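# Coordinate analysis (summary)
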Amino acid sequence: MSAKHRLSQSDRDAVIQLALKEGATVASETTGYPRSTIDYWVIQFNRRPRTANSPHMPHMPVKFLDLKVSDLDWRETLQAIKGTQQVVDNARLGQHDARVSIQTAEPIVVVPSGDWHLGGYATDYETFEQDLDFILNTPHLYLIDLGDEIDNFTRFGAADAVLNQAIPPDVQKLLMTRILEALAEAGKLLARTWSNHVEGFDERVFGGNIERFNSLCPYLKDDGRLHLHVGGMEYNLLVKHSFPGSSVYNKLHGAKRATRLDWPDADIAISGHTHDGPEGEYFMLGGATKLAVKVPTYKVNDTWSRRKFSRPTMGVQGIVLYPNEKKFVYFQHVDDAVLFRQASIA
């Protein structure tokens, strides 16, 4: 293109397009028009009102100079996850099933207990201490812990639940640990189950629960199955803080339902949670005698429980298990179980 003749508008637009695409310097060298002239034409062009037919610089693609792309090997990733799972499983406490053995030629008394709610103002500490001393000082008594040992309110829907605590949750846990340590050192602690006030609350706040007290005995972290060997006999105990299903007419509906649907081989199903024990009832399943038990609470002055469930009651139950025949006898009061046991070996 020569710079000697007067340019038509279309030729000038061609120079402008070249300048927009390659730069004004290249356009000047190619066409022979001064760089300053071409810059002026470009400025004028940019000031023109645009129309559908106006020449314009084509859309330029984006160039990513250091784009990071994913480089994931699915097999290596699965191996890494499995390794992490093993680390976490080794660190966390808890099991689905537990086997516990008591080598004895005499009957024993199993004491199901839970819903202590230590730390709350509404708990009867005098009665709790007396019952704990009885368990610690009476031979052949063994305790299954049904959970909710502490209030452990770090947050709740109602502020009074948090405020009506005599001591803070961290001190509650230490108190609970010391009591369970005393039971374990005395050889009294058979197993402990999860509960909403301990594991449930901690899982919401902290995402998990790794506490020393869960290493003192088998910690049944879900639908716990306890295989308890007493002498030459094995008893299957289905132990859970609360079972699905409820009935206003039968407080033991959940325990019976769980036995029928989840573990028909269970001899005894035990739960707590609703603060409306002590309850115990035999029932038949598949021609075999079963026992359903619900534990009471020591938080007897709790307004929330009275509103939601019923008036809470206290008590310590006892279940006599025999070492040489499949036989279990339920007592509403543990002192009656102790007297019955003593009479049976006299």
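Refer to the structure presented above.
Residues numbered from 1 in each chain as written. Predicted model: local features only at pLDDT ≥ 70, side-chain atom pairs only at ≥ 80, totals over all residues. Heavy atoms only, no water.

### Quick word on the pairing of strand 11 (residues 328-331)
Every second residue of strand 11 is oriented toward a common face, with F328 and Y330 on one face and V329 and F331 on the other, all of them buried. Pairing of strand 10 (residues 318-321) with strand 11, which is carried by 4 bridges, proceeds in the antiparallel orientation. When the sheet's bridge partners are listed, I319 is paired in strand 11 with Y330. Turn length for the strand 10-strand 11 hairpin, with the two strands adjacent in sequence and antiparallel, is 6 residues. (Buried < 20%, exposed > 50% of the residue type's maximum accessible area, 1.4 Å probe, protein only. Helix = DSSP H or I, 4+ residues; strand = E, 2+ residues; numbered from the N terminus. Pairing = 2+ DSSP bridges.)

### Examining the packing of aromatic side chains
Evaluation of the coordinates by the stated rule reveals 6 aromatic pairs. Arranged with centres 6.4 Å apart and planes meeting at 75°, the rings of Y235 and F328 form a pair that is edge-to-face. One end of the pair, Y235, is in strand 6 (residues 233-239); the other, F328, is in strand 11, and 93 residues separate them in sequence. Considered together, Y235 and F328 belong to a single accessibility category, that of buried residues. Here the aromatic cluster, defined as three or more aromatic residues joined through ring pairs, consists of W116, F128 and Y298. In this structure, K326 is placed above the aromatic ring of Y235, and the distance from its NZ or CZ to the ring centre is 5.7 Å. In this structure, K327 is placed above the aromatic ring of Y322, and the distance from its NZ or CZ to the ring centre is 4.8 Å. (Phe/Tyr/Trp six-rings, centres within 6.5 Å; stacked < 30°, edge-to-face > 60°. Lys NZ or Arg CZ within 6 Å of the ring centre and 35° of its normal.)

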